[in-house]
Amino acid sequence: MTDGPIVYVVDDDASFRKAVSRLLRSAGLEVEALASAQEFLGHPVVDRPSCLVLDVRMPGPSGMDLQAALQEAGRDIPIVFMTGHGDVSTSVRAMKGGAVDFLEKPFRAPELLACVQRGLARSQQSRAERAERIAIERRYAALTSRERDVLRLVVTGLLNKQIAGNLGIAEKTVKIHRGHMMQKMEAGSVAELVRLAQKLGPPDSEAGARA
Amino acid sequence: VGFLIRAFVSATHRARVLSIRLLGVVVGALVFQLPAWAGAASAADADRPRQALLLYAESRLQPAIVEADAAFRSTVSSGLGAPMNFNTEFLDLPPTASTAYQRRLLDLLQLKYEDVHFDLVVPFQIRALRFALDARAELAPGAPIVFMAVPSVGDLELPRDVSGVQMSGDSIDTLGAALRLQPETQRVVVVAGTTPLDKILLASVRAAFADGPAHLEFTYVTDLPLDAVAAKLATLPDKTIVLLVSFLQDSAGRALSTPEALERLVELSRVPIYGLSTVAMGHGIVGGRLVDFKKQGIMAGDLALRLLRGEKLGPADIVTQTTNIFMFDARQLRRWGLDESRLPPGSVILFREPLLWDRYRWPIIGALALILLESVLVAGLVVQRIRGKRLEAEAAVQRGQLAHAQRVTVAGELAATLAHEINQPLGAIVSNAEAACGLVDPAEPKRTDLLETLGDIIDDGHRASEVIGRLRAMLRTGVAEQTPCDLNLLIVEVLKFLKGDLARARVSTDLRLREDLPLVRGNAIQLQQVILNLVLNAEAAMADGAGELRRLTVETAERTPGTVEVCVRDTGVGVKEGDLEGIFKPFVSTKASGLGLGLSISRSIVEAHGGTIRADRNPDLGLSVHVKLPSDAGR
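Residues numbered from 1 in each chain as written. Chains lettered and ligands numbered in written order. Predicted model: local features only at pLDDT ≥ 70, side-chain atom pairs only at ≥ 80, totals over all residues. Heavy atoms only, no water.

Undergrad: Tell me what's going on with the overall build of chain A, and back it up with residues and numbers.
TA: Across its full length, chain A carries ten helices and five strands. By the burial criterion, 42% of the 211 residues in chain A qualify as buried. Within chain A, contacts between residues at least 6 apart in sequence are counted, and of these 63% link residues at least 24 apart. (Helix = DSSP H or I, 4+ residues; strand = E, 2+ residues; numbered from the N terminus. Buried < 20%, exposed > 50% of the residue type's maximum accessible area, 1.4 Å probe, protein only. Contact = heavy atoms within 4.5 Å.)

The structure is reproduced here in structure tokens:
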């Protein structure tokens, strides 16, 4: 199951790394255990739902450093932090940086599993959102320039006649472009088209107009 | 000291009077031996010594006689330029004149001076003058008379070759001076002895006071034993003064001199005693318009010289002008509390004891200055000592706080490290146990026991971890009380503590503190701990350095707004590139005696303050440790 979720455990303590990995595997999760931040960064990125279980204090780059590095690289992977001795300021920083949770060793198995599941769910969701966005973008890319113009004006709520006036073409022509556009965008209704357009982000009218 | 000086002055005065008395006796004795030799030489020699006959009615040297006699002799001797014999006779005339006695005495003197041709007869006082006038024709025919100290020639008819110096007791002027000094005076007690002279003088005083101020009550005390007089004076009421006229003998027949009597009276008298003669001066009288017997002698001497040089002198040449002077005793003025400024103008004040101030002005000023200087010095030293002690105490308190904080932090750091190191395997144990639970086959018959066992392992793992956690919580390098801190000030204070250490280690310190450094919000003691640890590490790193250069640089800066930087740089042994990260780990130390917690603690504190700490190798020598802390404004 190469598309299933994967959990990365990064801790410099081999014994602990092994134990946590074992625990997660016993819960049926696929686990990759790594000894340092560098090792994780050097690991090939896989397109699967994933969660990072990360020790805060390690020789070399710390867990906090790795979190910052991933953010900078635009890698969106939920992180569950673990620490041998937590202090308030570090945990606050970690949570502000988007961590799923901050666990103090030793922790109860259900705690860890809950956190990891939450992380994987978040990963799954963001993957789905990304996949949808890519699909919509792909559909949008298939539109002609005129169809994009029509889409832009349809989502603002204009009627066909108004669109025709706006673009300086016949209302009948607008109807034809609109039909093609709705089909290509796989939208069943104007409401659905608006939702899809929102996921595209702000309408890039200039660029669209030129293309 | 005043007392000693008074005693000394009084003693020297007595010695002087005594020596003059002795001199008189010796001179007298010599004069008695002279006539035989003088007679032998007189016949042919025109340059024969001139002969003077000095006549005293008394039986012995009285102080007044001593003064007048000595003054007369020295005046004549020094003025004449030729030998002069002073033949002196103490006639011891009886109180009541006896012709028979006088006759026999004259016969004796005639016999004695058979071969002496007198050039001059000098009687002293009125009785001697009378005797001289009677005896001259037989004893010293043709010799002119020059008298001394005769109050008044009275009814005497003086031949044409008689002259002399008159004396008058200035009882009125003395009383006037006394009243100036004591205006409140109501009674005047006049005291005199019993000799004829005493009585003569007393009579003249009485006569003078007959016209005295009406408001004064005059009492005359005479014909009493000295002790009785003294007793009387001892019981006198206030506002009374005593005038001692002359006291040569008391009613008990005790022969005295005025000074002797006076000293006894002064001892007991309740009121001031004034006098009439310089003889009494210095023996207890306050003073007065005093007869100056020395002056009498000098003036009589002058007359004698004129005669001896051939001048003819007669009654017209009698010196009547007064020889009296206002003279006072400063000690008595002070004793009776009398105001010196009220004395008659031109008064002579004797025995003025120079005030210590007058006599020892410069030594006193010097001594005072010295004392002052010394006091200032002592005060300064005391103040300095107190301040030093206070500073020392403050420093000790601060050092104590720092040491305490260091111990607590070391314990905290140890606990944190322990927690980390122990929680790591505990975490592994617990996780393994939990994993094992999942691996147990539910169908296995003994699974309940196994799951229970694993559950216990998990629980105990947590229990152990909680113990560590509690220990840590107790010793937490927590966020202590935070205030805005001036890092520059903290650095200066820490370096002050370590001044001695750094000096012993021969480390020179270079402070490059940025002015107007923003404040940092934090715990001053913890931040000082960081600086202390960094400086001590720097010092230790340089301790074994072979190089001469042992330079510690502490720098503060604000390179980016909102972040304050402290850099502690040394020229020590430094750290290998690969070991740089490790030096902040607990129990990593290059020092044999070090715990290896200094930098670890520093990192904990800095991180608890929201800052970072980093070490860099210097391009040349040693290590730089950079601490970055958010400034108070930057938060």
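Undergrad: For the interface of chain A and chain B, give the residues involved together with the corresponding values.
TA: Taken together, the contact between chain A and chain B spans 23 residues of the former and 24 residues of the latter. Of the roughly 2000 Å² buried at the junction of chain A and chain B (both faces included), carbon and sulfur atoms supply 53%. Taken together, the links from chain A to chain B amount to two salt bridges. For Arg57 of chain A, the salt bridge is made with Glu607 of chain B, and the minimal N-O distance between the two is 3.9 Å. Here chain A is connected to chain B by six residue pairs in polar contact (both at pLDDT 80 or more). Every element with two or more residues in the side of chain A that touches chain B is listed here: helix H1 (14-26) and helix H5 (109-141) of chain A. Looking at the side of chain A that touches chain B, the element that brings in the most residues is H1 of chain A, giving seven residues. Partitioned by chemical class, the residues of the side of chain A that touches chain B number eight nonpolar, seven polar and eight charged. (Buried area = accessible area lost by both parts, 1.4 Å probe. Salt bridge = Lys/Arg side-chain N within 4 Å of Asp/Glu carboxyl O. Polar contact = N/O pair within 3.5 Å; in protein donor to acceptor, adjacent residues only side chain to side chain. Nonpolar A, V, L, I, M, F, W, Y, C, P; charged D, E, K, R; others polar.)

Undergrad: Break down the sheet that holds strand S11 (residues 325-329) of chain B for me, with residues and values.
TA: Residue and element names in this part refer to chain B. Overall, mixed pairing links the three strands, which are arranged S10-S11-S12 in an open sheet. Each edge of the open sheet is held by one strand with a lone partner, namely strand S10 (287-290) and strand S12 (348-350). Each neighbouring strand pair of the sheet contributes to a mean axis angle of 25°, computed without reference to strand direction. (Pairing = 2+ DSSP bridges. Axes fitted to C-alpha atoms, helices over the stretch in contact; angles between N-to-C directions.)

Undergrad: Tell me about the packing of aromatic side chains, and please be specific about residues and values.
TA: One pass over the full model with this rule turns up nine aromatic pairs over all chains. Ring geometry for Tyr8 of chain A and Phe40 of chain A: centres 5.2 Å apart, planes at 80°, overall edge-to-face. With Tyr8 of chain A in strand S1 (residues 6-10) and Phe40 of chain A in helix H2 (residues 37-42), this pair connects stretches of sequence that are 32 residues apart. Assessed through its relative accessible area of 1%, Phe40 of chain A is described here as buried. Between the aromatic rings of Phe16 of chain A and Phe107 of chain A, the centroid separation amounts to 6.0 Å while the plane-to-plane angle is 85°, which identifies the pairing as edge-to-face. Taken together, the positions of Phe16 of chain A in helix H1 and Phe107 of chain A in the loop between strand S5 (101-104) and H5 put the pair 91 residues apart, joining distant regions of the chain. Grouping aromatic residues by their ring pairs yields a cluster made of Tyr56, Phe90, Phe124 and Phe293 of chain B. Geometry around Phe16 of chain A places Lys105 of chain A over its ring, the cationic atom sitting 4.2 Å from the centre. The ring of Phe326 of chain B has Arg289 of chain B sitting right over it, with the charged end atom 4.8 Å from the ring centre. (Phe/Tyr/Trp six-rings, centres within 6.5 Å; stacked < 30°, edge-to-face > 60°. Lys NZ or Arg CZ within 6 Å of the ring centre and 35° of its normal.)

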